[in-house]
Every structure is written in C-alpha cells, then in structure tokens.
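# Remarks on the overall topology
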Amino acid sequence: MRERNIPWKMLVGMTVILAALLFLIIPSLQSGAQYYLMIDELLSERERYQSEVVRISGAVIGESIEWDAETDELRFLLANVPADLDVIEAEGGFQASLHLAVTDPERTRLLVVASGAPPELLQDEAQAIVTGRLGEEGAFYADDILLKCPSRYQAERPEESADDGDGWSGEVD
Amino acid sequence: MITHTALAGLMLALVFLGYAIAAILLRRGDQRWMESARRAVQAASMLTSLALAFFLYLLVHQRVEYAAVYRVIRSGMSLAARVSALWGGQTGSLLLWTWLLGMVAFVAAHKAKKSDPLYRPWLLLFTLLPFASYLVLVIFFDNPFARWWLFSDGGTTAAVFSPSGAVALPRPDDGAGLNPLLRHPAMVIHPPLLYLGFISFTLPFAEAMAALMSGEATRDVMNSIRRGTLVAWFFLTLGLTLGSRWAYDVLGWGGYWGWDPVEIAGLLPWLTSSAVLHLMMRGTRHKGRTRLVLGGTLLTFCLVILGSFLTRSGLLTSVHAFAESTLSPALLAIFIASVAGSFGIWLRGRAAPRQSRGQTIVSFWGVVLDGSALVLILLLIVCLVGLAVPVGSEWLMDQAMIVGPAYYRQATGPLWLLLLALVAPTPLYPHSMRRGSQSLRSLVVATSLSVLVSAAVNGLLPLNLLETALLFMSVLYFLLLTEQILRRGKDCSGRRSDRSLRPHTARFAGIVLLHLGVFLFAWGVLGMERQQTIQGALAAGGHLEVGEYTVRLDEVVRNVPDEQRTLVVATVSLYEQAPDAVVRLARVFPALEQDLVYDQVRAIPGVYSRIDKDLYVLFTGWNPEIDVPASLRVMMNPLANFLWIGGLAMASGALVMMIPDVFERRSDQDEASNEAGQ
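Described below are features of the structure shown in this document. Please read these numbers as outputs of a predicted model, since none were measured by experiment.

Take the overall build of chain B next. Within chain B, the regular secondary structure consists of 19 helices and 14 strands. For chain B, the proportion of its 678 residues judged to be buried stands at 50%. Once local pairs closer than 6 in sequence are excluded, the contacts in chain B between residues at least 24 apart make up 69%.

Here's what the structure looks like:
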C-alpha cells in the first residue's frame, strides 16, 4: 500500500524548484529578450519600438559606409530585406535578395550609427544584424553589429549555387 | 582513381553497416552472426579511415578540381594549414565527424568482444546507428569527392558522377582558400578536440542504451559509462577552453564567451555530462539513481546531435554557424530519431541493477552532489529556453524575438554562484560529515575563518558583492584543502568502501585539481567583468590612458610580406604609472592584415599578458591621409589568464582522475575477495 501514497515531499520539492526556475527565467527574459525585426517592420510601428532595444536585419549599402576617425563615429545605410522566406525564395534566394535590396532605390533605407572602425566584414551586400535603439530623429543607434556574408566567395568560385557553408561572420562591439 | 577507390570504400562501409544492423536485429542470439557483425563494423570504420586519408591527400596536394578542396585550399598555405582545412569547411568537418563516429564504433566493437552476450548486440547497434546515419549524409548529401561539372548552357554544379549533358570543368587555377579568421594556431586543435569531446559521448550513450535494452546495468557497465563520460568531458572542456582563447585572440573584441548560440550548443552536453558525473559519485546501486544516470547519458548524446543540427540549420545567427545548408533537414531527422529512440527506450527499458541494495539517505554529501547535478540541469534548462525563444516566439506570437547575452547573464548568474558554493567543500569529500565528526568541525572552523578573511579583504580592497562571495568560497576551499593536505588522509572515518576515493589517491587529487580550476575560472570571469576599454585616434607619439597604464603609439609601418596580403603594423609602448616613476612594461605590435584575395581586413591584437591582467591593444583603423591616422582600442582585462589556466586545470584534473582506474579495479577485486571471505 505504501507505494500508492502521493509522494508529497517530492511534489513540494519539484514545485519549489520550478518556482525558483521561473523566478530566474521570467525577469531575465523580460530584460534580455529583444524583438528581431526587418527595417520595414521597425519603421511601421515606430512608437512601439522607440524605447526598446531591438535587433534588426538588413542589407549593407557599401558606398554609404563612413567612418570619422576623430569622433570615432561609424555610419552606414541598411536596406530593407523581406521578412518572408517565400518572398526571398521568389527573389532567387537569400543572396539575390540582398543584392536586390541594395540595388533597388525604392527599398526603405535606415541610417545606422555606431562607434568604432568599420568591422572587417562590413561591406556591400553583406547582411548586418544590428542590436540597438531607434533614435527620435530616425537614425538607429547600434550597440552591436553581427555580419554575415553569404555572397563573399561566390564570385570567385566556378559555380553559382549557394549550397556550401562558408558564411562566416565576425562580431564587433 | 582516388575518387573511385574512396567512394567504393565509403559505399562498402555503408553496406557492411547495413549488414551488421540486419544481423543484430535478426540473429542476435547466434554468437557466430554477432562475431561477424562485429567484424563488419570494424571493417566499415577502417574503410572510412581510408576515405578520410584520401581526402587529406587531396587537401595536401591542393586538388582544387574537387569542390570541397576548392572551398578551403589556396596556394601558399602551409602543410599544417592545409591539414587543418579539413575542419575549416562543412564537407570536411562532416567527414571528420563521421570518421570519429567510426572510431567509436571500432572501440565499441572491440569492447563487445568481451562483454555479456545479451548486452553485446545492443552496444554494437547503438554505436553503429549514429555512424551509419552520418555516413549516409557524407555519401549522399555532402560528398567530399564531388567535382565541378559544366553544363552546355554555362551552368555549373558539383557532383560525384557526371550529370547527363555535362562535361568536367577544367581544373581551376587556384582555390578559394580558408577564411582568414580561421588561420590561428588554436584553430588547428580547437575544432578536432571539440569534435572528439562530442563524439566520445557516443560510447557511454551506446553503453547506456545497451544497459537499458538488455537490463544489464552491472557495476562494470556503469563504471565503463563513468570512464567514457569522463574522457569525453576532458576533451570537451579542453576544446571549449581553446575555443574561448581563439575568440579572445582572433575575433578582436577582447571577450572570451559571447553567449552565442553555437557556444551554448557546445556548453549543453558539458552541463549534462557534469551532472551525470556528480550523480555517479554516490554510486549506482540504487535503481532510481541508475535510471537517472542512464537518462542523463542519453540526454547528453541527444544534445550533441542537437548541436550538430543547430550549427548548420541557419536557425540561429551566430559567429560559428555554417550557412544554412542542404544538410539541415537530414540532421533534424537524425536529432528527432535520437530523442525519440532514447526517450522511448529509457521509459520502457529495464535497468534494474543486479543487486538493488542500498537506499538513498539524506546526507551532507548527498545534498552537495545531487544539488550540484540539479543546479547543472537548471542551467541546462535556462540555456534551452534561451535557444528556444527565437523559434518559439515565431510560432506562438508570429513575432520574432531573440535573447541576447543579457538574458543568460541574469538568469545563469545566481545558479553559477550556487554551484560554486557547492564546490567549496570538495576537499573534505573523503570524510564523513556525521554530527560531531572532526570533518564537520573543520568545516565550521574554516567557514568562520573564511568569513573573517573575506570581510577583512573587503575592507582593504574595493570588492563588490559577487567578488566578496567568490573570495569567501575560494578561501574556504583553500583552507579545507590545506587542512586536508596536513591531515594526510587520517580520520577517514571508515566511510567509504570505495578505496579509490581515499584522500591520497590520484582520483581524489584529480577531483581537487579540477574544482580548483573551477575557482580559477570563476575569478577569470569576474575579473573580465571589470574590463576597461578606451578608444581613440592617434598620430605617432600620441597616447591613450587606461587605468594606471599609458599606451603610446610609436610608429606605424606598412609592409607586404607576400602577394596575398599587406600588413600595417603599429608599434605601441605600454607604460605603467608607478607612484614615483613611469615604467615601460613592454612593446606590442597590433596589426591590420589586409587579405588581398578575400578583400578582408583583420585586426591582429597586440597583447601584453601578465598573471594579474592583460593589456589588449587593437589596431582598428588606418588612414594615412588624415592628421590622426591610426585608431586604437585598448582593453585592460583583469585576470584574463585565469580563464585559460582554470580551463586547463579543469581538464588536467579530469586527466588525473583517469589515472587510478588501474588501482580501482584492483581494489574492487580486493573488496570482492574480502566479501567472499566473510
């Protein structure tokens, strides 16, 4: 008969552990989770995201990169890339989509302001994933830039398909 | 010729594995069939080795007409670089991974020779299933021997055999070459060590599965699982340490751990295997405990497979990620199969140890060891939640969310601290903590002394709360260790029948060293929290100040070491402002390396390293046309070296722990004969 007793000690222990875990996770999620947005999504709900740290993704417009060594300010434009994977497929894949985003003057562009010298992978048609805040005057102030360059070695290889794995990226503060 | 031999070898290996699987499933009762299956597995591993050797031959001889070679090789690479290009690209690293699985299967087949006939077929099956799955990926999804083919319309493709209507593309003049970021000494050994760590978990996994299938969770099997887990833990710890060292040197941000999803994927099996090792310290005679240990072992393996999927899935944005690849659906399938198989067998399997004696008693060490395992599992849950947020939020809210380092720092911080508190009494482990025992008295005295010491130090130095807490625990650990050494193992209270854990054994020394490494690492982490950064543009002769240090730019020289790159090297002098004088500490040479082939600029830091702090100088930009042509970023990283020393101490501790296994077996036998004699 003893086996049928409800293991109260066990239940209480589990509840306490679960409560502690939620106590750790929930506030951390509230402060640590960020929206991950495309530029159009960010700008369409400007007020909602204005006060928050968000992460945005876009295509780097190479000729817009400027760095002032004296003030140590880095500025560049990011062009909107579609959020929907089907749209990206329809545009001919991720790399083609980045290319289209940079060359199409109709795309929404966002000025990104950061500090420090341009990171090594910051170049035309790279995908930038930028963490920061949207300022009141419309520029995006970046704390962190992560870059991915899927197109980096394509031109040099004898094939066009993008099925290999050399999309390394660098991270900067 | 090479291609055909290697391909035939790989195909034959797959056929052998298929044969072995069929033999195990259909004829496992017959020892002759099992012997034959065992040999088939060993033959398959040998054939995979052959394919690996051929692929290495292609890399070393720069045969860029092969697509996988083309992507990572270019002329002018040293022999070491060409060999390490094996794991620089996706194709080669998949082959390496599969080959290591083959080696594990080989070892398992060797072990199976001597094991129980009921247990043997399952041990074989659960090492060869992962091996065969990845071999399928190598052959059919990402073949290392694929070449370039040209279609009549001008399109090209990489394939093993000539597609219809295509002709072989002439051999390209040169390959694309390894990404410059990967050319670092740590990169030569960090990935293989990590792979070795990950893959080594396959053996304990297969043993655990076999134990569940056969019901043979004997002491030998459990000991073997413990040894296997420890070996894998050793390689994983070493691999993670070297990886963080690579990040520190190469990524040019002066950090060592960024809570990047792929880093976390590497941490997950480390957490679960550490938990398993702690659970096993209390013996595995109790049935529930045996099941828990086996479950943890299976979970560790599943997390390894999860990591191999996440790295290539494109689901996560990461420094380490290979781009989204055609492999990801197949890898996801392998992951789902591992989880479903492990969990199903764990739930239904019989794992009653033969003698189910002993019961769990609430004791001091019980709380410490099981508590450590629990905290490690809570850390795992926190990390899994973090990894799940991007996928889950998209699903549940149709809104992509991401968690950054802030989440992990906040949520794991208290847990790491709790873990350290549980580590602190380790040096007393061989002793009983019964009421009134000398050990309990030692603990009380040492705790009081540690409180006094840390309070006093806190008065002298501006320590924050965390640092004070860590200081208290470190002093406690140190005092207990000192007392332990002075006592030289007296007063063991006759507690343990397990002689390998007497205070003078190598195994115990290993445990103490390992946990000392934990404290050193923790100091490294807290030291790096006090990192100071300063950035500025300078002309020659200009200087920056960080803390009590002055950083002076002496000169900048541009040179061209070879056709493929240019180097702009800054000469930077570091001075320390002592109270009465300014002392020159060192000169460092941070550089900007421009890779002409990749058109990529890389900052190579100049690091002045001392035991108490690193001065980390990055040359971030150079424009000779303006007045202040060079921009430098200087970081002062207190206690950075403690990170690597701590990591190495942890790994060495595990290594030392492995030594006494010889004695342990002997003492087990002594014990058995004593028991028999009584």
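Our focus in this paragraph is the nonpolar core. All names here are of chain B. Ranked by size, the top nonpolar core spans 219 residues in total, and within it L17, A20, V41, L124, L128 and M209 carry the most contacts. Tallying contributions element by element places helix 9 (residues 219-250) first for this core, with 16 residues. When we break this core down by domain, the ones giving at least three residues each are domain 1 (1-179) and domain 2 (431-495). Counting residues in each nonpolar core, the second largest holds 24 residues, with V572, A603, F619 and A630 among its members.

What follows concerns the packing of helix 9 of chain B against helix 18 (residues 640-658) of chain B. Residue and element names in this part refer to chain B. Where helix 9 meets helix 18, the closest approach of the two axes is 9 Å, and the angle between their N-to-C directions is 165°. Overall, the two elements helix 9 and helix 18 adopt an arrangement that is roughly antiparallel. At the point where helix 9 passes helix 18, the crossing takes the left-handed sense. The segment helix 9 lies against helix 18, with L230, V231, W233, F234, T237, L238, L240, T241, S244 and R245 engaging L643, W644, G647, L648, M650, A651, A654, L655, M657 and M658. In terms of residue class, the contact of helix 9 with helix 18 is built from 15 nonpolar, four polar and one charged.

Right, let's talk about the sheet that holds strand 5 (residues 532-538) of chain B for a bit. All names here are of chain B. Spatially, the four strands line up as an open sheet ordered 5-14-13-12, and their pairing is antiparallel. Since the sheet does not close on itself, it has two edges, and those belong to strand 5 and strand 12 (606-609), each with one partner. For this sheet, the mean inter-axis angle between neighbouring strands, taken without regard to orientation, is 15°. Bridging between strand 5 and strand 14 (residues 630-638) involves seven bridges; their strand directions are antiparallel. Paired with A537 across the bridge in strand 14 is S631.

The next point concerns helix 8 (residues 202-214) of chain B. Residue and element names in this part refer to chain B. A rise of 1.5 Å per residue sets the reference length of helix 8, with its 13 residues, at 18 Å; its end C-alpha atoms lie 18 Å apart and thus fit the reference within 8%. Burial analysis of helix 8 places 13 of its 13 residues in the buried class, the great majority of the element. Once helix 8 ends, the next one or two residues include G215, with phi positive near 75°.

Rules used throughout
- Residues numbered from 1 in each chain as written.
- Chains lettered and ligands numbered in written order.
- Predicted model: local features only at pLDDT ≥ 70, side-chain atom pairs only at ≥ 80, totals over all residues.
- Helix = DSSP H or I, 4+ residues; strand = E, 2+ residues; numbered from the N terminus.
- Buried ≥ 20, exposed ≤ 12 C-beta atoms within 10 Å, placed from the backbone.
- Contact = placed C-beta atoms within 7 Å.
- Core = buried A, V, L, I, M, F, W, Y, C linked by C-beta atoms within 7 Å.
- Domains from an automatic or database assignment.
- Axes fitted to C-alpha atoms, helices over the stretch in contact; angles between N-to-C directions.
- Parallel < 35°, antiparallel > 145°, perpendicular 65-115°, else oblique.
- Left-handed = near helix turned anticlockwise from the far one by under 90°.
- Nonpolar A, V, L, I, M, F, W, Y, C, P; charged D, E, K, R; others polar.
- Pairing = 2+ DSSP bridges.
- Expected span 1.5 Å × (residues − 1).

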